[in-house]
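For reference, the chains in residue letters:
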Amino acid sequence: MADWRDTMTKNVFFSVRSMLWHRLRAWNTGGEGIHSPRLFYLVRHLFYEIARLYAWDDIEERRQAMLRAPKRLHIRDYGTGQDRDELVMHIAKNSVMGRREAQLLARLVHYMSGNEYVPGRTQPLTMVELGTSLGLTTAYLAAVDSRNTVTSFEGSDEIAAMAQLNWQKLQLKNVRLVVGPIDDTLYNYVRSAREKLDFVLMDANHTGEATLRYFAALAPLMNENGIIAVDDIRYSQDMYAAWQQITHTAGVTATMDLGKMGLVFFYPAVQQKTYYIRL
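Residues numbered from 1 in each chain as written. Predicted model: local features only at pLDDT ≥ 70, side-chain atom pairs only at ≥ 80, totals over all residues. Heavy atoms only, no water.

Colleague: Explanation requested: the overall build of the chain in the structure shown.
Modeller: If you tally the helices and strands in the chain, you get ten helices and ten strands. Taken over C-alpha atoms, the radius of gyration comes to 18 Å for the chain, in line with the 19 Å a tight globule of 279 residues would show. With the C-alpha coordinates of the chain rotated into their principal frame, the extents come out at 50 × 40 × 40 Å. Across the 279 residues of the chain, 52% fall into the buried class. Sequence-distant contacts in the chain: of pairs separated by 6 or more residues, those separated by 24 or more amount to 67%. Counting every atom, the chain has about 13,900 Å² of accessible surface; 51% of that belongs to carbon and sulfur. In the chain, 32 positive and 30 negative side-chain charges are present, and the distance between their average locations comes to 4 Å. (Helix = DSSP H or I, 4+ residues; strand = E, 2+ residues; numbered from the N terminus. Rg over C-alpha atoms; globule rule 2.2 N^0.38 Å. Buried < 20%, exposed > 50% of the residue type's maximum accessible area, 1.4 Å probe, protein only. Contact = heavy atoms within 4.5 Å. Areas by Shrake-Rupley, 256 points an atom, 1.4 Å probe, with all protein chains shown as cover. Lys, Arg positive; Asp, Glu negative; His and termini not counted. Charge placed at Lys NZ, Arg CZ, Asp CG, Glu CD.)

Colleague: Sorry if this is basic, but what is going on with the pattern of salt bridges here?
Modeller: Any two side chains of opposite charge can pair, on the condition that their charged atoms come close. Following the criterion strictly, the structure yields eight salt bridges and no others. Across the salt bridge formed by Arg-213 and Asp-183, the nearest N and O atoms sit 2.7 Å from each other. One end of the pair, Arg-213, is in helix α9 (residues 208–218); the other, Asp-183, is in helix α8 (residues 182–192), and 30 residues separate them in sequence. According to the relative accessible area criterion, Arg-213 is partly exposed, its value standing at 31%. (Salt bridge = Lys/Arg side-chain N within 4 Å of Asp/Glu carboxyl O.)

Colleague: Please clarify how the environment of Glu-60 should be interpreted in this entry.
Modeller: Checked against the element boundaries, Glu-60 lands in helix α3 (residues 56–68). Looking at Glu-60, the relative accessible area reads 12%, which means it is buried. With 76 residues separating them in the primary sequence, Glu-60 and Leu-136 have C-alpha atoms 8.3 Å apart. The contact partners of Glu-60, leaving out residues within four places of it in the chain, are Arg-99, Gln-103 and Tyr-140.

Colleague: How should the environment of Arg-147 be read in this particular structure?
Modeller: Of note, Arg-147 is situated in the loop between α6 (136–143) and β4 (149–154). The exposure class assigned to Arg-147 is exposed, which follows from its relative accessible area of 60%. Taking the C-alpha atoms as reference points, Arg-147 and Ser-113, separated by 34 residues in sequence, lie 9.7 Å from one another. At 2.6 Å, the side chain of Arg-147 and the side chain of Asp-145 are in polar contact. (Polar contact = N/O pair within 3.5 Å; in protein donor to acceptor, adjacent residues only side chain to side chain.)

Colleague: Quick question: what am I supposed to make of the side chain of Thr-138 here?
Modeller: For Thr-138, the location among the structural elements is in helix α6. We classify Thr-138 as buried; its relative accessible area is 0%. Residue contacts for Thr-138: discarding those within four places in its chain leaves Glu-129, Thr-132, Val-150, Ser-152, Trp-167 and Val-175.

Colleague: I would appreciate a short explanation of unusual backbone geometry in the present structure.
Modeller: In terms of backbone geometry, most residues other than glycine have negative phi values and most peptide bonds are trans. The phi angle at Ser-133 is positive, at roughly 55 degrees, despite the residue not being glycine. Structurally, Ser-133 is set in the loop between β3 (126–130) and α6. Residue Ser-133 is classed as buried on the basis of its relative accessible area, which comes to 13%. Backbone geometry at Gln-171 places phi at a positive 60 degrees, although glycine is not the residue there.

Colleague: Looking at this model, I keep getting lost on the packing of aromatic side chains. Mind explaining?
Modeller: To describe a pair of aromatic rings, one takes the distance between the centres and the angle between the planes. For the structure shown, the criterion picks out six aromatic pairs. For the pair Trp-56 and Tyr-140, a centre-to-centre distance of 6.1 Å together with 70 degrees between the ring planes defines the contact as edge-to-face. Linking Trp-56 in helix α3 with Tyr-140 in helix α6, this pair joins segments that are 84 residues apart in sequence. Both residues of the pair, Trp-56 and Tyr-140, count as buried. The ring centre of Tyr-267 lies 3.8 Å from the NZ or CZ of Arg-38, which sits over that ring. (Phe/Tyr/Trp six-rings, centres within 6.5 Å; stacked < 30°, edge-to-face > 60°. Lys NZ or Arg CZ within 6 Å of the ring centre and 35° of its normal.)

This is the structure:
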């Protein structure tokens, strides 16, 4: 127990220092200094957009319901190997992506769904999420367009059941849930995949080794216009080292360091560079 607490303390100190470093280095220029027109548009028109999509209020109502839910779930944590019981309200507070980041992803997916991102696009987006949790971020991804599909992977069956309840409340029918150890279920998915991926959110096992393993499995499936979002890149020194390795991976062009989250681009016309953006 002492070793676990020491590790958590080290992670917290690293996260605080690293986020401070990011704020000192990053800038909010509205896209100035970004040479790619596509990436410039993302920063100028999406990152600081405050317009609300129609489904956001409904999803945030589900978040508030989860923050008040006293139900206790048994969590099978394949990442740490330490199963535990935890209140839904605690999961909603500590383990679910925040409103601001989730809405940014929703705006990003909305943009990717339109012809202005890929001229002449007619096909719906194919998306993958690693780490369903309570399904709120999944809902943001799925609610953008019912023609898009989200395949979400979750290790714990009781958390997965709570996520499905939230999707039912939100009347979302374009989510496919895969429950079980992600190391196994993702391998099976990749082995049988028959289509390229447009968007991936990695928010599952928060270790550098697992992050690199998942990225290596999914990157070959990405469209050249696809984007991978890696959450909690400053969760620990180990996670940040994995993020830095991803930025130098063959096939990756530009990356964006948003502080808590990183975005990975494969678009060949983009200059290979990491942009540090302050949200």
